[in-house]
Amino acid sequence: MKNKVVIATSNKHKFAEMQECLISIFDVVYSLTDLGISIDAEETGSTFLENSKIKALDISRKVNLPVIADDSGLSICSLNDFPGIYSSRFMENETYENKCKEIIRLLEDKIDRSAYYTCAITFIDKKRDIFKQIERRSEGCIVKEYKKREHGFGYDPIFFSDEAGEIFGNISKEEKFKYSHRGKAIRDLVSFLRELYS
C-alpha cells in the first residue's frame, strides 16, 4: 500500500515547497485542491502553533490519511509583532503588493525595522495517535521601499533575511529554502517522519 499524506493548503507556492521534500517519504502528496476539500474551522488560536493544529484536526476529520498543516506569517517587532497570525488576513481582499506597501507606510516613523517570519507545522497520523508540532523562525528586517522582485511570494519583496544576507524576493526558491522559516520547519519535520516511517 502506498504511503499518502495530505498537506492542508490550497496555496500552490506553499504546497510546492512542502511537496518537494515530502515526496522522498510519501508516494503520494495531496493538496486540498487535489481532494476538493477545504478548511472549514476558524483560526481562533492565539499562536501559529494553535492555528496549525486547528487546521490539521479539521482536515484529519475529513480524510483517512496523515495530515500536515502549517500556519505562518510575518511579525514586525516595532508594531507589537503585527501582522503575525493575521498575516494572510491583513487587508484580506487586497493584493500582496498593496499589503507590502501598507507595511512600509506603517513603519515610516519607526527606527526599529526588525521582523521575523514564523512557520508552525502540525503533523497528525491517520489514527490520530501520533502528533508532532514544530515551530521555526527566520530573522530579518523590513526594507524601506517596495519593488517587484523576480522570486518569492507574499511579503518576500520587503523582507531582508539576516541569514541569507538578501531580500527573499531576490533569491531563488532553492536559496530561500535554506534560510526560510518554512524550509527550517520542513527539514525538521522530514527528519521526524523518516524515523517514523523507516
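All of these numbers come straight from a predicted model, not from anything done at the bench. Sequence order sets the numbering: in each chain, residues are counted from 1 along the sequence as written. Reporting of local features is limited, given that this is a predicted model, to residues whose pLDDT is at least 70; pairs of side-chain atoms are given and counted only at 80 or more, and all residues count toward the totals for whole chains, interfaces and linings. As a rule here, side-chain values cover all heavy atoms of the structure and leave hydrogens and water aside.

S.K.: I would appreciate a short explanation of the side chain of Ser180 in the present structure.
M.R.: Here a strand is any run of E in DSSP of at least two residues, a helix any run of H or I of at least four, and the numbering for each starts at the N terminus. Positionally, Ser180 belongs in the loop between helix H5 (173–179) and helix H6 (181–197). Two residues qualify as a contact provided that any one of their heavy atoms is within 4.5 Å of a heavy atom in the partner residue. Discounting chain neighbours no more than four positions away, the residues touching Ser180 are Ser138 and Phe168.

S.K.: For this particular structure, what's the right way to read unusual backbone geometry?
M.R.: Negative phi characterises most residues that are not glycine, and trans characterises most peptide bonds. Residue Pro83 is reached from Phe82 by a cis peptide bond, and omega for that bond is 0°. Even without a glycine there, the phi angle at Asn80 is positive, about 55°. Topologically, Asn80 is positioned in the loop between strand S3 (67–76) and strand S4 (82–83). Here's how the labels work: a residue is buried when its accessible area is under 20% of the maximum for its type, exposed when over 50%, partly exposed in between, all with a 1.4 Å probe on protein chains only. Taking the relative accessible area as the measure of exposure, Asn80 reaches 73% and is therefore exposed. Phi at Met91 takes a positive value of approximately 50°, unusual for a residue other than glycine. Looking at where Met91 falls in the secondary structure, it is placed in the loop between S4 and helix H4 (96–106).

S.K.: Looking at this structure, I do not really get the pairing of strand S6 (residues 131–142). What am I missing?
M.R.: The side chains of a regular strand alternate between the sheet's two faces. Where strand S5 (residues 114–124) and S6 come together, 11 bridges link them in antiparallel fashion. Within the sheet, the bridge partner assigned to Cys119 lies in S6 and is Arg136. Two strands are counted as paired when DSSP detects at least two bridges linking them. Between S5 and S6, which pair antiparallel in sequence order, lie six residues; one of them, Arg128, sits at a positive phi of approximately 60°. The pairing of S6 with strand S7 (residues 159–161) spans three bridges and is classified as antiparallel. Looking at the pairing, Gly140 lines up with Ser161 of S7.

S.K.: I'm lost on helix H3 (residues 48–60) in this one. Help?
M.R.: Turn by turn, an α-helix covers 3.6 residues, leaving residues three or four places apart pointing in a common direction. With 13 residues, H3 ought to run about 18 Å at 1.5 Å a step, and its terminal C-alpha atoms sit 18 Å apart, in line with that. Along H3, the residues that are buried comprise Phe48, Asn51, Ser52, Lys55, Ala56, Asp58, Ile59 and Ser60. Buried residues belonging to H3 abut strand S1 (4–7), helix H2 (32–35), S3, S5 and S6. Expected span, for any helix, means 1.5 Å times one less than how many residues it has.

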